[in-house]
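Breakdown of the fold
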Amino acid sequence: MPSSLPQNLYLLAIIITIGAMVIHMFMGSVIAVMGVTIPAFLAATTHMGVNPLAISLLVFSVVNLHYILPFHNMAILVGSDPDTGGGYNQKQVMRLGIPLTIVMFIVAVVEIFWWKLIGFV
């Protein structure tokens, strides 16, 4: 974790998104990544007064929707198996997953905007 995090919630969301995605790329498992990143991000943001549930939901959204390879998301992994009738391969998963990575930054910013609008953060 960086020694100091920005006070701007949008910039904070981008940093959390990048951190969660990088860890997700190596660990693969959504549950394992959430188990590692959520406590770390909560500990790093406690002094900022940010709602802990917002941090948890942001990490959940990013990690659950992000994938590059089939093993990054269980639904994609099951669907890519020829025995389950998925009919798509690893190359096709990557072709959709890479642009989706950019969309995750938009999702993070929209979540923060919405949560600020309704007074959640």
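Definitions and cut-offs
Residues numbered from 1 in each chain as written. Predicted model: local features only at pLDDT ≥ 70, side-chain atom pairs only at ≥ 80, totals over all residues. Heavy atoms only, no water. UniProt positions renumbered as here; feature names shortened; annotations may be inferred. Helix = DSSP H or I, 4+ residues; strand = E, 2+ residues; numbered from the N terminus. Contact = heavy atoms within 4.5 Å. Polar contact = N/O pair within 3.5 Å; in protein donor to acceptor, adjacent residues only side chain to side chain. Core = buried A, V, L, I, M, F, W, Y, C linked by side-chain atoms within 4.5 Å. Buried < 20%, exposed > 50% of the residue type's maximum accessible area, 1.4 Å probe, protein only.

1. Structural notes on the UniProt feature "transmembrane region" (unreviewed entry) in the protein chain
According to UniProt, the feature "transmembrane region" (unreviewed entry) maps to residues 9-42, 48-69 and 96-115 in the numbering used here. Taken end to end, residues 9-42 comprises 94% helix and 0% strand; its first and last C-alpha atoms sit 14 Å apart.

2. A few points about the environment of Thr45
Locating Thr45 in the fold gives a position in helix α2 (residues 30-45). As a C-alpha pair, Thr45 and Gly79 span 34 residues in sequence and 37 Å in three-dimensional space. Once you skip the residues sitting within four places of it in the chain, Thr45 turns out to touch Leu5, Leu12, Val50 and Ile55. Separated by 2.7 Å, the side chain of Thr45 and the backbone oxygen of Phe41 make a polar contact.

3. Points about the nonpolar core
Counting 25 residues, the largest nonpolar core has Leu12, Ile16, Leu58 and Val59 as the members making the most contacts within it. Put simply, the parts of the chain that give this core at least two residues each are α1 (9-27), α2, α3 (52-65) and α5 (90-117). The contact partners of Val59, leaving out residues within four places of it in the chain, are Ile16, Met34, Thr37, Ile38 and Phe41.

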